[in-house]
Each structure stands twice: as C-alpha cells, then as structure tokens.
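Coordinate analysis (summary)
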Amino acid sequence: MDRKLDELLYALMQNMTITVSGEKLAKDLGVSHSTVVRWVDKLRRAGIEIRGELFTGYRLIRLPDILLPPLIRPRLHTRLIGRNLYHFYDIDSTNLFAARLFAHARKVPEGTVIIAESQTAGRGRLGRSWHSERDAGIYFSMMLFPKAPPSLAPLFTLATAVAMHNAVERYTGLDVDIKWPNDLLIGKRKFCGILSEIQAEVDLVKTMIIGVGVNANHERFPEEIADRATSLRIASGRIQSRIEILLEFFEEFENIYLDFERKGPTGIIEQWTRSSSFSTGRKIEIHDGVRRIVGVTRGLNPLGALRIEQQGGQIQEVYSGDVVAWK
Ligand code: BTN
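To keep things clear, this report deals only with the structure shown in the data block. (Residues numbered from 1 in each chain as written. Predicted model: local features only at pLDDT ≥ 70, side-chain atom pairs only at ≥ 80, totals over all residues. Heavy atoms only, no water.)

**A word on the pattern of salt bridges**
- Following the criterion strictly, the structure yields 21 salt bridges and no others.
- Glu117 is the partner of Arg242 in a salt bridge, and the nearest nitrogen-oxygen pair spans 2.9 Å. Taken together, the positions of Arg242 in helix α8 (residues 242-263) and Glu117 in the loop between β4 (112-116) and β5 (137-144) put the pair 125 residues apart, joining distant regions of the chain. Each of the two residues, Arg242 as well as Glu117, counts as buried.
- A cluster of three or more residues bridged by salt bridges with shared partners is formed by Arg125, Arg128 and Asp322. (Salt bridge = Lys/Arg side-chain N within 4 Å of Asp/Glu carboxyl O. Helix = DSSP H or I, 4+ residues; strand = E, 2+ residues; numbered from the N terminus. Buried < 20%, exposed > 50% of the residue type's maximum accessible area, 1.4 Å probe, protein only.)

**Re the pairing of strand β1 (residues 50-53)**
- Across four bridges, the pairing between β1 and strand β2 (residues 57-60) is antiparallel. If you follow Arg51 over to β2, its bridge partner there is Arg59. (Pairing = 2+ DSSP bridges.)

**Thoughts on the pairing of strand β8 (residues 189-200)**
- Of the pairings in the sheet, the one linking strand β7 (residues 183-186) to β8 comprises three bridges and is antiparallel in character. Bridge assignment links Leu185 to a residue of β8, and that residue is Lys190.
- Between the end of β7 and the start of β8, which pair antiparallel, lie two residues, with Gly187 showing a positive phi angle near 65°.
- One ladder, built from nine bridges, connects β8 with strand β9 (residues 205-215); its direction is antiparallel.

Shown next, in the form of structure tokens:
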C-alpha cells in the first residue's frame, strides 16, 4: 500500500506544474478511480498539499519534504547504505520491520534502510519508547552484516553517533555533542537517539540493525520529555530539510563503516573522542543496569568502553549504560 502511495505521489511530482486527470492516474497506476480518490485522501492526511478532485484532475502544490525513495535514490553517493530502501508513512517501528525482514526475506542486501514518516511503537534504549511524531522526525533503521565479533558491536553505534554528529553540524551549522555512548545533544538537550540490535554467534555478528531517531522539525514535545528534548528546528530557529540531513548521514556513515573494514576500530574511537565532550575530564554518574558508577571520564578503550576514574584512582571500563548526571 505504501509503495503504491509512493507511485501516486511520484506521478504527481513528475507533473508538478500541471493538473493530471484522475483518469490518467488510475490508468497509469492500474487501479480504479475510487482507489485514486482514496489514496489522494491518504496523502492529504499525511500532510501533502494536493489540489483538485477526480473529475477536474489533481495537482501537487509543493514538493513535500517526504523521505521518498525516488527523491533519495538519484542523489545517493554511497555504494552500500541506502541503495535498497523501504519507505512507510506509518509503521510500528523501523527496527521491528528490519527484524521481520531479516527473519523472513531470503536475502537482504547489506545497507538496506527502512524509513518511516511516523511510528506507532517507536522503540528507545533500555525498554523505553521513542516519540515519533509524523513528518517532524527522521526515523530509520540500517541493516548491516559487520565482519566483527559481538564484542565490537558497540563500536558501530558509536560510529553512527559520529556520522550523525558530522552530518548535522555540516548541514545546520549547530554545535553538536555526543553524550556517551550515543545520544546526540545540543546544549544539554537530546535531539537524536540510536538503538542497535544484533543477532550473533559467539565470534561473529550475523545481523545488525541500527535504528536512528532524529528530532528534526518538532515544535514541541510531550510533557514527560519536554525538559530534556530539543529539535534541530527549535535549536536553529529554522525548518530543516530532513532529506538533506539523511543524505549527508548516509555518506558519513558509509565512509566510517568502510574505514572500519579496512583499518579496524581506531578511526571510530578517534572520531568519537574528537566529537564528544564526554570523552575526557567529565564528572559523570552512570547506571549500567546493575551498578552506579561515579567518576571522571578518561577516554575510550580500544573496544569503545568508557574508562572512568573513580575516587581512589581505580579505572572502571563501562561497556553500556546510561549517563544519569554530568557536570
Ligand atoms: C534512544 O533511546 O535513545 C534510542 C532511540 C532510537 C529511536 C529510533 S527511531 C527509528 C528506529 N526505530 C525504532 O523503533 N527505534 C529507532
């Protein structure tokens, strides 16, 4: 259904300045008149401005900032990431869809990306949910087969944070920080989160799903997160193009990912260290699910764990967790 809607929108986009008869659209798409009416209605409800009706014909008024494959594909400079794209107006969660695809598809090309305009069950880290307001955010998941043992899997999440850090800084000019391990902040507020999920054998990651949620054009947030969240629009005072940020990100991520295949983890560790004010000398408190660790950050170890100097000078290496307080 979503693919058909994309086809209809694409047909209207190719005739932006003229009115296309409902008859022609129905014929080109191989559907009935009433289906065209229903689909136009659905596109309108998704926020796309279309003038006219079946008998007068339809005209697209403005090119929408929708993350449609036909708009993304011709502008991709990658050879892996985003070459195979799925786009949904509504989905439960792009990570869940990716997991279903891995479970049921015979073959999934590496770098396949699932994009959604809105999610009804967007998932966050540590069992939380992810606020996924329609059209305002960038919600996507990448499907990867990193040639690495499970112990190195967290590095790809750090790499994703670095890539989004670079893409957003370059495109918006905003100053972006990475809160360990992979929350992207502007000031003290979060605008992007990353959720990675792997399936692994003892010594090899079989499949990896990296889900990314960016608050791009949100104007406000639900009360529960309003004091901690921000969006690129709020921070910059301008509406931001989701498609431009996504394209920048794909390129950035692919470079870092391929660099890892050639040279190993050092590039990721170095870039993360440069991009995050949390890497050294920060007083922080972390919950890792079991322990509460307080101390001063002393960089990442070669596997991407955060080294924390505790009172008394002993170093703890923390692989996952949540920074709950920092100075
Ligand atoms: C976090 O808690 O910080 C991680 C949030 C990750 C949200 C993204 S949105 C796209 C993808 N699909 C999901 O269900 N979650 C991730």
